[in-house]
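# Per-entry structural report
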Amino acid sequence: MTGEPKTKYRPIMVVGTGSHVGKSVVAAALCRALARRGLDVAPFKAQNMALNSGITADGGEMGRAQITQAECAGLAPHVDMNPILLKPTSDMGSQVIVLGRAVGNFRAAEYYRHKPKLTRTVMAAFRRLQGAHQLIVLEGAGSCAEVNLKKHDLVNMAMAKRAQAAVALVADIDAGGVFGQIIGSLGLLPPSERKLVRGLIVNKFRGDPALFASGVEFLERRTGRPVLGVLPHFSHISLPQEDGVALERGQMTSAGGGRIRIGVARLSHISNYTDADVLAAEPAVELRWVSRPEELAGLDLLILPGTKNTLAALRAMVESGLDQAVRAYHALGGRVLGVCGGYQLLGQVIADPHGVEGPPGQAQGLGLLAVATVMAKKKTTSQALAVAAAGLPLSAPGLLAGYEIHMGQTNALEADRPAFVVTSRSGRAVDVADGQVSADGRVLGTYLHGVFDNDQLRRGLLAWAGGHDAAAQSLDYAAFKQRQYDLLADHLEAHVAIEPLLEPLGPK
């Protein structure tokens, strides 16, 4: 009968024995699998540290992993799903974003002083989500057993206790030492936290899982917890990466291997490089991550992605010789595209007088676009609609969807040749020129992230890079993403028992 109250469930929490063990992927898979069962499920991560972020409909900034998880659950992302986002600007400090808005740059000691207030913020966001949905899937961060960080914990077992969640502990067997990971992590948890752990997931297994049967038996006997599943390593599913760990480990690969050769520069403090995900998925594209001058040889297109610290990224390019290599690549006829921080790098001058991304300073950019950038104290964050500007090399019909996340303001120094015209920001009508195109038509910069997810514009990009025939066969990216989410849920349900984590609590 319609109108009956829906059953509420105990929250499920995915924690890990370390970073990059697969927490985000397992949480996303749970969101998709449970949503396919008809449950109203929403993701939550109290505090995320990542340079990949996105923008909600009302202009709030949140972690990319929780946006992916929301999409898996069939929901529009909301900042309550990730109330605190830390974006590292250096080895010692991060920009702190609370409920979607940047509140400043802090070192760890400064940040921890705000913990009581932040705990209240986190719990208020969690309670709002819990009140609106049947079931919340929470995600931890890094290791759940970092004893030196215990008193400052907002996101791991302290959050599990506050939520009274049913916890799944994920370990990475591919990294080695899985028995030590699991037994050591559980051994370091106090009894009040250990009792919340309902089961174990051994992730990234290679080979025949039957060969690990004795390992499962040992873990269950030693820990007193069931192994919910042994999840095989996969290569047939294409998912956005949460942070730069996979890139550092050389695990970012192209699904295509086609004849259009696109390079993406591995900048320092690289951010929002998920802009390249759609290109990696294109059958016509061979995507390479480049960090050395010689790796630019043979490219049809070079992309400079975002960076959270543009001046630091520029210094690293100079030290490696990549700055000169980019100029030489362009001089020999190469095409270069910069997004956000990459757009700033292409200009004549980059100035940070207020020190919003690091120490105050100014430097000469790569000089491939006649623009100058000044970092502003106020951050621009919006979902955006835009149209391709007249004469754009990769023109496309109709409105294009993307998003903006930038501190800088960039202005033309010579004749203004914008790449796009933004017509809407977070639902508000505007008329704002964005980006710039060089006089020779071979260099383009924009502040619009996610714009290449638009199929028509991406086809224009591939044609601009020299693949007119391949561009005509470009994929439907929205359908492709949904298919990946279903494949992920299929993979989880084939190998992991979800039912031990599901505990009905009563009507909503």
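Here we summarise the structure given alongside this text. (Residues numbered from 1 in each chain as written. Predicted model: local features only at pLDDT ≥ 70, side-chain atom pairs only at ≥ 80, totals over all residues. Heavy atoms only, no water.)

### Regarding the overall build of the protein chain
Looking only at helices and strands, the protein chain features 16 helices and 28 strands. Rg of the C-alpha trace for the protein chain: 23 Å, near the compact-globule value of 23 Å for 508 residues, within the 12% margin. Projecting the C-alpha coordinates of the protein chain onto the three principal axes gives extents of approximately 70 × 55 × 50 Å. Looking at the protein chain as a whole, 58% of its 508 residues qualify as buried. By sequence separation, contacts in the protein chain at least 24 residues apart represent 73% of the contacts at least 6 residues apart. (Helix = DSSP H or I, 4+ residues; strand = E, 2+ residues; numbered from the N terminus. Rg over C-alpha atoms; globule rule 2.2 N^0.38 Å. Buried < 20%, exposed > 50% of the residue type's maximum accessible area, 1.4 Å probe, protein only. Contact = heavy atoms within 4.5 Å.)

### Overview of empty space enclosed by the protein
Per the counting criterion, the structure on display carries 2 cavities of 30 Å³ or more. Counted as a void, the largest cavity has a volume near 130 Å³. Of all elements in the fold, only β18 (306–307), α13 (341–345) and β23 (400–412) reach the threshold of two or more residues within the lining of the largest cavity. When the residues that make up the lining of the largest cavity are grouped by side-chain class, the tally is 3 nonpolar, 9 polar and 4 charged. Of the volumes computed, that of the second largest cavity is approximately 70 Å³. Together, Val264, Tyr273, Asp275, Ala276, Leu279, Ile303, Pro305, Leu337, Val339 and Phe452 line the second largest cavity. Its residues placed into classes, the lining of the second largest cavity shows 9 nonpolar, no polar and 1 charged. (1 Å grid on protein atoms, 1.4 Å probe; cavity = no way out; pocket = protein on both sides within 12 Å on 5 of 7 lines; lining within 4 Å. Points joined across faces, edges and corners; volume = space filled by probe spheres on them. Nonpolar A, V, L, I, M, F, W, Y, C, P; charged D, E, K, R; others polar.)

### Observations concerning the sheet that holds strand β27 (residues 443–446)
Pairing in this open sheet of 6 strands is mixed, and the strands run β16-β14-β17-β19-β27-β26 from one edge to the other. The open sheet has two free edges, formed respectively by β16 (285–290) and β26 (436–437), since each of these has just one partner strand. Summarising the sheet, strand β14 (residues 260–265) and strand β17 (residues 301–304) pair through 3 bridges and their orientation is parallel. Along β17, the bridge assignment pairs valine 264 with isoleucine 303. Along the sheet, helix α12 (residues 322–331) contacts β14, β17, β19 (336–339) and β27; its crossing angle with β17, the most-contacted strand, is approximately 140°. (Pairing = 2+ DSSP bridges. Axes fitted to C-alpha atoms, helices over the stretch in contact; angles between N-to-C directions.)

### What to know about the layout of surface pockets
In this structure, the second largest pocket occupies an estimated 600 Å³ of space. Taken together, 26 residues form the lining of the second largest pocket, with Arg64, Glu71, Tyr403, Asp453 and Lys481 sitting closest to its centre. Among the secondary structure elements, those contributing two or more residues to the lining of the second largest pocket are β5 (53–55), α2 (64–73), β22 (371–388), β23 and α16 (477–495). Looking at which element gives the most residues to the lining of the second largest pocket, the answer is α2, with 4 residues.

### Things to note about the pattern of salt bridges
A side chain of one charge can pair with a side chain of the opposite charge if their charged atoms are brought near each other. Summed over the entire model, instances satisfying the criterion amount to 26 salt bridges. Residue lysine 481 is joined to glutamate 71 by a salt bridge in which the shortest nitrogen-to-oxygen separation is 3.4 Å. Of this pair, lysine 481 sits in helix α16 while glutamate 71 sits in helix α2; the two residues are 410 residues apart in sequence, bridging distant segments of the chain. Among the ionic pairs, glutamate 282 bridges to arginine 458, the shortest N-O distance being 2.7 Å. A residue pair is termed long-range when its members are at least 10 positions apart, and glutamate 282 in the loop between α10 (277–281) and β16 and arginine 458 in helix α14 (residues 455–464) qualify at 176 residues. Judged on exposure class, the residue glutamate 282 and its partner arginine 458 are both buried. (Salt bridge = Lys/Arg side-chain N within 4 Å of Asp/Glu carboxyl O.)

### As for the packing of aromatic side chains
In this description, an aromatic ring pair is defined by two values, namely the gap between the centres and the angle between the planes. Applying the stated criterion across every chain, the model contains 8 aromatic pairs. Plain terms: the ring middles of tyrosine 111 and tyrosine 112 are 6.0 Å apart, the flat faces sit at 50° to each other, and that makes the pair tilted. Residue tyrosine 111 is classed as buried on the basis of its relative accessible area, which comes to 8%. Assessed through its relative accessible area of 29%, tyrosine 112 is described here as partly exposed. Chaining the aromatic ring pairs together yields one cluster made of Phe179, Phe205, Phe212 and Phe218. (Phe/Tyr/Trp six-rings, centres within 6.5 Å; stacked < 30°, edge-to-face > 60°.)

### Topic: the nonpolar core
By size, the foremost hydrophobic cluster in this structure holds 71 residues, and its most contacted members are Ile262, Leu287, Leu296, Leu337, Phe420 and Phe452. Counting residues per element, this core draws most heavily on β22, at 5 residues. One finds Phe44, Ile84, Val96 and Leu169 within the second-largest nonpolar core, a separate group that totals 49 residues. (Core = buried A, V, L, I, M, F, W, Y, C linked by side-chain atoms within 4.5 Å.)

### Topic: the side chain of glutamine 484
With respect to the helices and strands, glutamine 484 occurs in helix α16. When residues no more than four places from it in sequence are discounted, the contact partners of glutamine 484 are His236, Ile237, Ser238 and Leu239.

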